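# Coordinate analysis (summary)
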Amino acid sequence: MRSLLTHAYNWHVNVFDTEVPISRYVDGWGRPGDTALLAVEGGHRIGAGWFRLFRESAPGYGFVDESTPELTVVVVPSRQGQGIGQLLLGGLIERAQAEAHRALSVSVETKEIGDYEAAGFETVADDGQAVTMRRLFS
């Protein structure tokens, strides 16, 4: 997962003067609430999706609150546009519901909003560069 971080968050680092280290998304992996799915083909990782809980004192880009896991979905550039990300997203939504989470959040570039809206996410914050979205579960 660490090797895919650059693909997932490089746009944040390039666009923003931010204090959120992208390693925060994988450092100490395996703590309560950490969940991941990998897409592998021919023994090579072609994508991954995961979610984890963050503290208010050390939030992620799409932090909503301490009880809402933040989602990351990344597909290697050569495999984007082939539905891999949607499969990972769908699997993570199912896992979040099975683990009794009430919601998931995500920070996305504005050009990706439609993909997440189609999966039931709604915008909760928009700074013009990035949008924080949340999907509530019944």
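Residues numbered from 1 in each chain as written. Predicted model: local features only at pLDDT ≥ 70, side-chain atom pairs only at ≥ 80, totals over all residues. Heavy atoms only, no water.

## So, the pairing of strand β2 (residues 44-52)
Regular strands place their side chains on alternate faces of the sheet. Where burial is concerned, most of β2 is hidden: seven out of the nine residues are buried. Two elements, strand β1 (residues 35-41) and β2, share seven bridges in a ladder whose sense is antiparallel. Counted as the bridge partner of Thr-35 is Phe-51 from β2. Following β1, the chain reverses through two residues before pairing antiparallel with β2; Gly-42 in that reversal takes a positive phi of roughly 60°. Here six bridges tie β2 to strand β3 (residues 70-75), and the two strands are oriented antiparallel to one another. Among the inter-strand pairings, Gly-49 is bridged to a residue of β3, identified as Val-73. (Buried < 20%, exposed > 50% of the residue type's maximum accessible area, 1.4 Å probe, protein only. Helix = DSSP H or I, 4+ residues; strand = E, 2+ residues; numbered from the N terminus. Pairing = 2+ DSSP bridges.)

## Quick word on the nonpolar core
Tyr-116, Phe-121 and Met-133 are the most contacted members of the largest nonpolar core, which totals 16 residues. Contributing elements (two or more residues each) for this core: α2 (84-98), β4 (103-109), α3 (113-118) and β6 (130-136). In terms of residues, this core owes the most to one element, α2, which gives four residues. In this structure, Phe-121 is in contact with Leu-71, Leu-89, Ile-93, Leu-104, Val-106, Tyr-116, Met-133, Arg-134 and Arg-135, ignoring residues within four places of it in sequence. Membership of the second largest hydrophobic core comes to seven residues, among which are Ala-48, Trp-50, Tyr-61 and Val-74. (Core = buried A, V, L, I, M, F, W, Y, C linked by side-chain atoms within 4.5 Å. Contact = heavy atoms within 4.5 Å.)

## Here we look at the side chain of Arg-52
With respect to the helices, strands and loops of the structure, Arg-52 is situated in strand β2. A residue is classified by how much of its surface remains accessible, and Arg-52, at 0% relative accessible area, is buried. There is a polar contact of 2.9 Å between the side chain of Arg-52 and the backbone oxygen of Arg-24. Engagement of the side chain of Arg-52 in a polar contact is seen with the side chain of Asp-34, the distance being 2.8 Å. (Polar contact = N/O pair within 3.5 Å; in protein donor to acceptor, adjacent residues only side chain to side chain.)

## As for the packing of aromatic side chains
Any two aromatic rings considered together are summarised by their centre-to-centre distance and by the angle between their planes. Across all of its chains, the model carries three aromatic pairs by this definition. Geometrically, the ring pair formed by Tyr-116 and Phe-121 is edge-to-face, given 5.5 Å between the ring centres and 85° between the ring planes. Residues Tyr-116 and Phe-121 agree in their burial class; the two are buried. An aromatic cluster of three or more residues is present, and its members are Tyr-25, Phe-54 and Tyr-61. Residue placement shows Arg-31 over the ring face of Phe-54; its charged tip is 5.8 Å from the ring centre. (Phe/Tyr/Trp six-rings, centres within 6.5 Å; stacked < 30°, edge-to-face > 60°. Lys NZ or Arg CZ within 6 Å of the ring centre and 35° of its normal.)

## Observations concerning the confidence of the model for the chain
Per-residue confidence for the chain gives a mean pLDDT of 86, with 85% of residues at or over 70. Confidence drops under pLDDT 50 across residues 11-17; counting only partners more than four residues distant or on other chains, this segment forms 15 contacts. (pLDDT = per-residue confidence, 0-100.)

## Observations regarding the pattern of salt bridges
Across all of its chains, the model carries four salt bridges by this definition. Among the salt bridges present, the one from Asp-34 reaches Arg-31, with a minimum N-O distance of 3.9 Å. We classify Asp-34 as buried; its relative accessible area is 15%. The class of Arg-31 is partly exposed, set by a relative accessible area of 29%. For the salt bridge of Glu-99 with Arg-95, the shortest nitrogen-to-oxygen distance reads 3.4 Å. For Glu-99, a relative accessible area of 32% corresponds to the partly exposed category. On the accessibility criterion, Arg-95 (35% relative accessible area) is partly exposed. Bridged by salt links that share partners, the residues Arg-31, Asp-34 and Arg-52 form one connected network. (Salt bridge = Lys/Arg side-chain N within 4 Å of Asp/Glu carboxyl O.)

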